[in-house]
Amino acid sequence: MTTLALRRPTLPLPVVAGAAVLAWVVAWFVEAPAADWLTFTVIGLQPGTHLGEAVAFFLEDLPKVLLLLLGIVTVVTLIRGFFPPERIRPVLAGRGLVPGSFAAAGLGIVTPFCSCSAVPLFIGFVEAGVPLGVTFAFLISSPMVNEVALVMLWGLFGPGIAIAYMAAGLTVAIVGGLVIGRLHMERYVEDYVWELQGKAVRPIEIRLTWADRLNDAWAYTSTLVRKIFPYLLAGIGLGALIHGYVPTDLVVAIGGKSNLLAVPLVVLLAVPMYSNAAGTIPIVQALLGKGLPLGTTLSFMMAVTAISLPEFVILRRVIKPPLLAVFAGVVTTGILIIGFMFNFLIG
Amino acid sequence: MRTIEVLGSGCANCRRLEANAREAVATAGVEAEVIHVTDPREIVSRGVMSTPGLVIDGEVVSAGRIPSAGDIALWLTERS
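Small disclaimer: the values here were computed from a predicted structure and weren't measured.

Enquirer: In this structure, what is going on with the overall build of chain B? I would like to understand it.
Expert: Of regular secondary structure, chain B possesses three helices and four strands. Walking chain B from its N terminus toward its C terminus, one meets helices and strands in the order β-α-β-α-β-β-α. For 80 residues, the compact-globule estimate of 2.2 N^0.38 gives 12 Å, and chain B sits close to it at 11 Å. A total of 80 residues make up chain B; the buried ones form 49% of that total. For chain B, the share of sequence-separated contacts (at least 6 apart) that also reach a separation of at least 24 residues comes to 63%.

Structure follows, in structure tokens:
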């Protein structure tokens, strides 16, 4: 009896899911015309004016980004639930450096990653015999080539930029893994990690129902959206100001290809913006519209997601400073090269 | 006396799971001790790589997710 009392009564799952999908689709098609109508008819601003364009950008972008986040993060979290690190570890263990790095970078896209899990993940990989380079390929790819960034890029800029971002991120992860593997830096891993090697415990596998999975995905998404909402608001506000007021000439003069310092500058700017990928995308959207080159834009996005001081501090618990420095150096260099290369190749 | 262990580094998700576990103990009306395990070696030795993990009486019941207080209470009563 107690067992029954503890279960919460809920509507049938297909009904809830179906209604949510329908509401999402309707909102997606209604929001842009609604924003224009609100700006130019209800508020009565003139199209083409600074203020009118800025307000329209804000009112159109906020629901759009929120819809993208809510819809996509829920779906993606649901998919990621099928690829926990416990399940992909046996796939990577005992592979050579080259095939392993490719596999790790690819699996990094679908595997959920939280910097607070980085330490147990690192120990778990190393003790099971996953080579050091392969482990780093995964540690670079997983936060950087995350599906949330990919889908936001796809939704706001189209498939071209999303695919370019994915290709660039995978390249940095694979090359980074290969470089770290070839440098043979095993002695810079904290000694206690090696003591556990060969004592790998078979990873646990827990069966979940679809209801569990859907509940988890929704709980994760709503927590995430609530957490990043202030940054999103600030990002879209700043994006709106740039869109309405900043002249294209200024962006091109400072951020254009002729200024070689632009790529390192945006990477530096991105370092304190860790974990605010969603909030930075509207700023990027506005800057790209004002003529910021694609390579510079990609470097900025990649640096926001991949260069994270809190994560470096956490990883210090398992690796010694020289390896940490190589890790940070390889990632930063990779991002800079990608930026310069895209700027050079395109246009 | 039952034992519930929360495996995690002390991050926000782990604290949320610990709160759910304490709530579950109260709801289910069982006598249980809630312990927070933060040593990564200890966490990995239980076969868990994605935190937070939840262990009831030595058995890992969840990893990489935050089960609700209701779910945990259900596991506690099912296992007694």
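Moving on from the model shown.
Enquirer: What exactly am I supposed to notice about the packing of helix H13 (residues 262-270) of chain A against helix H17 (residues 321-345) of chain A here?
Expert: The description of two helices packed together rests on the angle between their axes and the distance between the axes. Residue and element names in this part refer to chain A. Packing of H13 against H17 brings their axes to within 9 Å, and their N-to-C directions diverge by 135°. When the axis of H13 is compared with that of H17, the two are oblique. Relative to H17, the crossing made by H13 is right-handed. Side by side, H13 and H17 meet where Val263, Pro264 and Val267 of the first sit next to Thr332, Ile335, Leu336, Gly339 and Phe340 of the second.

Enquirer: For this particular structure, what's the right way to read the interface of chain B and chain A?
Expert: You'll often see interface size given as the accessible area lost when the parts meet. Each partner contributes residues to the interface: chain B has 26 residues there, and chain A has 26 residues. Those elements that provide at least two residues to the side of chain B that touches chain A are helix H1 (12-28), helix H2 (40-45), strand S4 (59-63) and helix H3 (69-78) of chain B. In the side of chain B that touches chain A, the residues fall into eleven nonpolar, eleven polar and four charged.

Enquirer: It is not clear to me how helix H6 (residues 118-127) of chain A should be interpreted in this structure. Could you clarify?
Expert: Residue pairs three or four apart in sequence face the same way in an α-helix, which turns once every 3.6 residues. Burial runs high along H6 of chain A: ten of the ten residues are buried. In the stretch just after H6 of chain A, Gly129 of chain A is the one whose phi turns positive, near 90°.

Enquirer: Looking at this structure, how should I read the nonpolar core?
Expert: The tendency in soluble globular proteins is for nonpolar side chains to be buried as a group. All names here are of chain A. Judged by nonpolar contacts, the single largest core of 104 residues is most densely connected at Ala137, Ile140, Ala173, Met302 and Ala303. Sort the elements by how many residues they give to this core and helix H3 (residues 50-80) lands first, with eleven residues. Residues lining this core come from more than one domain, with at least three contributed by each of domain 1 (12-80 + 212-241) and domain 2 (94-197 + 246-347). Contact partners of Ile140, with chain neighbours within four places excluded, come to Val172, Ala173, Gly176, Gly177, Ala306 and Val331.

Enquirer: What is the right way to look at the confidence of the model for chain B in this model?
Expert: Parts of the model with low pLDDT should not have their predicted coordinates read in detail. Chain-level pLDDT for chain B is 88 on average; 99% of the residues reach the 70-or-more range. Among the scores for the predicted complex, ipTM is 0.83 and pTM is 0.82.

Enquirer: Just checking my understanding: could you explain the environment of Pro230 of chain A for this structure?
Expert: Relative to the assigned elements, Pro230 of chain A resides in helix H11 (residues 210-245). Sequence separation between Pro230 of chain A and Ala168 of chain A is 62 residues; the distance between their C-alpha atoms is 29 Å.

Enquirer: Explain the domain arrangement of chain A here, please?
Expert: Residues and elements named next belong to chain A. Each assigned domain of chain A is listed with its residue range as follows: domain 1 (12-80 + 212-241) and domain 2 (94-197 + 246-347). Placing a centre on the C-alpha atoms of domain 1 and another on those of domain 2 gives a separation of 27 Å. Contact with domain 1, which involves 17 residues of that partner, is made by 16 residues of domain 2. Breaking the side of domain 1 that touches domain 2 down by element, the ones donating at least two residues are H3 and H11. Take the side of domain 1 that touches domain 2: its biggest share by element is nine residues, from H3.

Enquirer: Even after reading the chapter, I still don't get H13 of chain A, so can you show me in this structure?
Expert: Residue and element names in this part refer to chain A. Listed in full, the buried residues belonging to H13 are Ala262, Val263, Val266, Val267 and Ala270. In a view along the axis of H13, the buried residues occupy a sector of 135°, so they form one face of it. Close packing links the buried residues of H13 with helix H12 (248-255), helix H15 (294-306) and H17.

Enquirer: Looking at this model, I keep getting lost on the environment of Phe58 of chain A. Mind explaining?
Expert: Residue and element names in this part refer to chain A. Note on placement: Phe58 falls in helix H3. Once the C-alpha coordinates of Phe58 and Ile236 are considered, the two residues, 178 residues apart in sequence, prove to be 6.1 Å apart. Residues within four places of Phe58 in sequence aside, it is in contact with Ile236, Gly237 and Ala240.

Enquirer: Teacher, can you tell me more about the pairing of strand S3 (residues 53-56) of chain B here?
Expert: When a strand is regular, its side chains alternate between the sheet's two faces. Residues and elements named next belong to chain B. Judged by which residues are buried, S3 turns out to be covered on both faces: Gly53 and Val55 on one side and Leu54 and Ile56 on the other are all buried. When strand S1 (residues 2-7) meets S3, the two strands line up antiparallel, connected through four bridges. Across the sheet, residue Val6 finds its bridge partner in S3, namely Leu54. Across four bridges, the pairing between S3 and S4 is antiparallel. Opposite Gly53, over in S4, you have Ala63 as the bridge partner. Between S3 and S4, which follow one another and run antiparallel, lie two residues, and Asp57 among them has a positive phi close to 50°.

Enquirer: Whenever I open this one, the sheet that holds S1 of chain B confuses me. Can you help?
Expert: In a beta sheet, neighbouring strands are held together by backbone hydrogen bonds and run either parallel or antiparallel to one another. Residues and elements named next belong to chain B. As summarised here, the arrangement of the four strands in space is S2-S1-S3-S4, forming an open sheet in which the pairing is mixed. Pairing within the sheet leaves two strands with one partner each, and these edge strands are strand S2 (32-37) and S4. Each strand axis lies, on average, 20° off the axis of its neighbour in the sheet, ignoring direction.

Enquirer: Just checking my understanding: could you explain unusual backbone geometry for this structure?
Expert: Keep in mind that most residues, glycine aside, have a negative phi and that most peptide bonds are trans. The omega torsion of the bond from Thr51 of chain B to Pro52 of chain B falls at -5°, within 30 degrees of zero and hence cis. Here Pro52 of chain B is to be found in the loop between H2 and S3. The residue His184 of chain A is not glycine, and still its phi comes out positive at about 50°. Within the secondary structure, His184 of chain A sits in the loop between helix H9 (159-182) and helix H10 (191-195). Unusually for a residue other than glycine, Asp57 of chain B sits at a positive phi of about 50°. Within the fold, Asp57 of chain B resides in the loop between S3 and S4. Residue classification places Asp57 of chain B among the partly exposed residues on the basis of 15 C-beta atoms within 10 Å.

Procedures and definitions
Residues numbered from 1 in each chain as written. Chains lettered and ligands numbered in written order. Predicted model: local features only at pLDDT ≥ 70, side-chain atom pairs only at ≥ 80, totals over all residues. Helix = DSSP H or I, 4+ residues; strand = E, 2+ residues; numbered from the N terminus. Rg over C-alpha atoms; globule rule 2.2 N^0.38 Å. Buried ≥ 20, exposed ≤ 12 C-beta atoms within 10 Å, placed from the backbone. Contact = placed C-beta atoms within 7 Å. Axes fitted to C-alpha atoms, helices over the stretch in contact; angles between N-to-C directions. Parallel < 35°, antiparallel > 145°, perpendicular 65-115°, else oblique. Left-handed = near helix turned anticlockwise from the far one by under 90°. Nonpolar A, V, L, I, M, F, W, Y, C, P; charged D, E, K, R; others polar. Core = buried A, V, L, I, M, F, W, Y, C linked by C-beta atoms within 7 Å. Domains from an automatic or database assignment. pLDDT = per-residue confidence, 0-100. Arc of directions from axis to C-beta. Pairing = 2+ DSSP bridges.

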